[in-house]
Amino acid sequence: MLINLIENAIKYTEKGAVTVKLDKQDNRVILSVSDTGIGIAEEHLPRIFERFYVVDKARSRKTGGTGLGLSIVKYIVNNHNAVIEVSSRQSAGTVFTVKF
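Being a predicted model, the structure only gives us computed values, none of them experimental.

## Side note on the nonpolar core
One broad rule of soluble globular proteins: the nonpolar side chains tend to lie buried together.
So, step 1. Judged by nonpolar contacts, the single largest core of 15 residues is most densely connected at Leu 5, Ile 48, Leu 70, Ile 84, Phe 96 and Val 98.
So, step 2. Looking at this core, the elements that each hand over two or more residues are helix H1 (2–11), strand S2 (28–35), helix H3 (69–79) and strand S4 (93–99).
So, step 3. A per-element tally of this core places H3 first, with 3 residues.

## Some points on H3
So, step 1. Within H3, the full set of buried residues consists of Leu 70, Ser 71, Val 73 and Val 77. In a view along the axis of H3, the buried residues occupy a sector of 155°, so they form one face of it. Facing away from the buried surface of H3 by more than 90 degrees, the exposed residues are Tyr 75 and Asn 79.
So, step 2. Contact partners of the buried residues in H3: H1, strand S3 (83–89) and S4.

About the cut-offs
- Residues numbered from 1 in each chain as written.
- Predicted model: local features only at pLDDT ≥ 70, side-chain atom pairs only at ≥ 80, totals over all residues.
- Heavy atoms only, no water.
- Core = buried A, V, L, I, M, F, W, Y, C linked by side-chain atoms within 4.5 Å.
- Buried < 20%, exposed > 50% of the residue type's maximum accessible area, 1.4 Å probe, protein only.
- Helix = DSSP H or I, 4+ residues; strand = E, 2+ residues; numbered from the N terminus.
- Arc of directions from axis to C-beta.
- Contact = heavy atoms within 4.5 Å.

Given below as structure tokens:
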């Protein structure tokens with residue numbers, strides 16, 4: 001799960017930074033992976049965890065993406081009774097937050 005999130009963050013961040021944080025909040029562990037990359041358009045956010053869903057097909061062909069990485073992340077999160085959230089703005093980056 002963490003490998004997929006970090007690899008995606010690196011893949012879509014040509015300039016800027018990728019940050020991984022681990023925090024504790026009440027009885028939960030909060031993991032976040034954020035980047036300052038290209039971001040994801042709002043209309044794609046509801047579907048990004050679907051198997052084989054690719055936001056940018058041309059870029060995916062170039063980088064070898066299959067559209068399975070985030071669906072695997074979602075599967076792992078669900079199997080740990082956790083929750084994953086995503087917030088993103090085009091040209092401003094993305095933040096994935098997993099709450100265990």
